[in-house]
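Below are the chains, spelled out letter by letter.
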Amino acid sequence: MRILPGGKFWNAAGEWARAAKQKGVRIMLINITGRQFEITEAIRTRATGVLSVLDVPTLKVTSVSAVMAREKNRFQVSLVLNCKYHTLTAEVEDFDLYRALDAAAAKLEAQCADLKTRIQDHRATATGETDAAQVREAEA
């Protein structure tokens, strides 16, 4: 099941998505999957809340997929964040599902911050700014 920000559900026909696209609203799809256990409403709410924070306008995030697997007495959480030109992944294994989800989201947040910084550092500066910086260096 795919949940959009604001608690709206993605339907097969995609009417809501088409209307949002026409209005210029960006959509980030959140796909939550559970393996070997059932995703409860509490888990879905927590995952949606944690993952909706990752919607960074600079990166143009299109979707986030969360796969939570249970193996004996531990949980493995795998998050995949798809941006326009990049794909970020994070995997965490822990005995507590919520702690694993938070740790994986923290890893993705750090990756998003690094990517955002890298993108902004590669942008060209105006010629007036570089000339002013060279003058300040020469005076010092």
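Residues numbered from 1 in each chain as written. Predicted model: local features only at pLDDT ≥ 70, side-chain atom pairs only at ≥ 80, totals over all residues. Heavy atoms only, no water.

*Asks:* Explain helix H3 (residues 97-121) to me, and be specific about the residues and the numbers.
*Replies:* Between its first and last C-alpha atoms H3 spans 36 Å; for 25 residues at 1.5 Å apiece the expected length is 36 Å, and the two agree. Residues Leu97, Ala100, Leu101, Ala104, Ala105, Leu108, Cys112 and Leu115 constitute the buried set of H3. (Helix = DSSP H or I, 4+ residues; strand = E, 2+ residues; numbered from the N terminus. Expected span 1.5 Å × (residues − 1). Buried < 20%, exposed > 50% of the residue type's maximum accessible area, 1.4 Å probe, protein only.)

*Asks:* I'd like to hear about unusual backbone geometry, residue by residue, with values.
*Replies:* For Lys60, which is not glycine, the phi dihedral falls at a positive 55 degrees. Within the secondary structure layout, Lys60 lies in the loop between helix H2 (41-52) and strand S3 (63-71). Positive phi values are uncommon outside glycine, yet Lys72 reaches one of about 50 degrees. Relative to the helices and strands, Lys72 is located in the loop between S3 and strand S4 (74-82). Exposure remark for Lys72: the relative accessible area of 78% places this residue in the exposed category.

*Asks:* Lay out the nonpolar core with the relevant residues and their values.
*Replies:* Judged by nonpolar contacts, the single largest core of 32 residues is most densely connected at Met68, Val77, Leu79 and Leu81. Elements with a contribution of two residues or more to this core: strand S2 (29-35), H2, S3, S4, strand S5 (87-94) and H3. A per-element tally of this core places H3 first, with eight residues. Each residue touching Leu79, except ones within four places of it in the same chain, is listed here: Leu51, Ser65, Ala66, Leu88, Thr89, Ala90, Leu101, Ala104, Ala105 and Leu108. (Core = buried A, V, L, I, M, F, W, Y, C linked by side-chain atoms within 4.5 Å. Contact = heavy atoms within 4.5 Å.)

*Asks:* Lay out the pattern of salt bridges with the relevant residues and their values.
*Replies:* For the structure shown, the criterion picks out four salt bridges. The partner of Arg74 in a salt bridge is Glu71, and the shortest N-O contact between them spans 3.3 Å. Among the residues examined, Arg74 registers a relative accessible area of 34% and is labelled partly exposed. The closest approach of N and O atoms between Asp94 and Arg99, which form a salt bridge, is 3.3 Å. Judged by its relative accessible area of 18%, Asp94 falls in the buried class. (Salt bridge = Lys/Arg side-chain N within 4 Å of Asp/Glu carboxyl O.)

*Asks:* Go over the environment of Arg74, please, and point to the residues and values.
*Replies:* Along the chain, Arg74 falls in strand S4. Sequence separation of Arg74 and Leu97 is 23 residues, and the distance between their C-alpha atoms is 7.9 Å. One polar contact links Arg74 to Glu93, side chain to side chain, over a distance of 2.5 Å. (Polar contact = N/O pair within 3.5 Å; in protein donor to acceptor, adjacent residues only side chain to side chain.)

*Asks:* How would you sum up the pairing of S2? Please name residues and give values.
*Replies:* By the bridge criterion, seven bridges tie S2 to S3 in an arrangement that is parallel. What sits directly across from Leu29, in S3, is Ser63. (Pairing = 2+ DSSP bridges.)

*Asks:* Quick rundown of the pairing of S4? Include the residues and the values.
*Replies:* Where S3 lies against S4, nine bridges are found, and the strand directions are antiparallel. Counted as the bridge partner of Val64 is Leu81 from S4. The turn joining S3 and S4, which pair antiparallel and follow one another in sequence, is formed by two residues; a positive phi near 50 degrees is taken by Lys72. Where S4 and S5 come together, eight bridges link them in antiparallel fashion. Its bridge partner lying in S5, Val80 is registered against Thr89. If you look at the hairpin formed by S4 and S5, you'll find four residues sitting between the two strands.

Remember that the coordinates give geometry; whether it matters functionally is a separate question.
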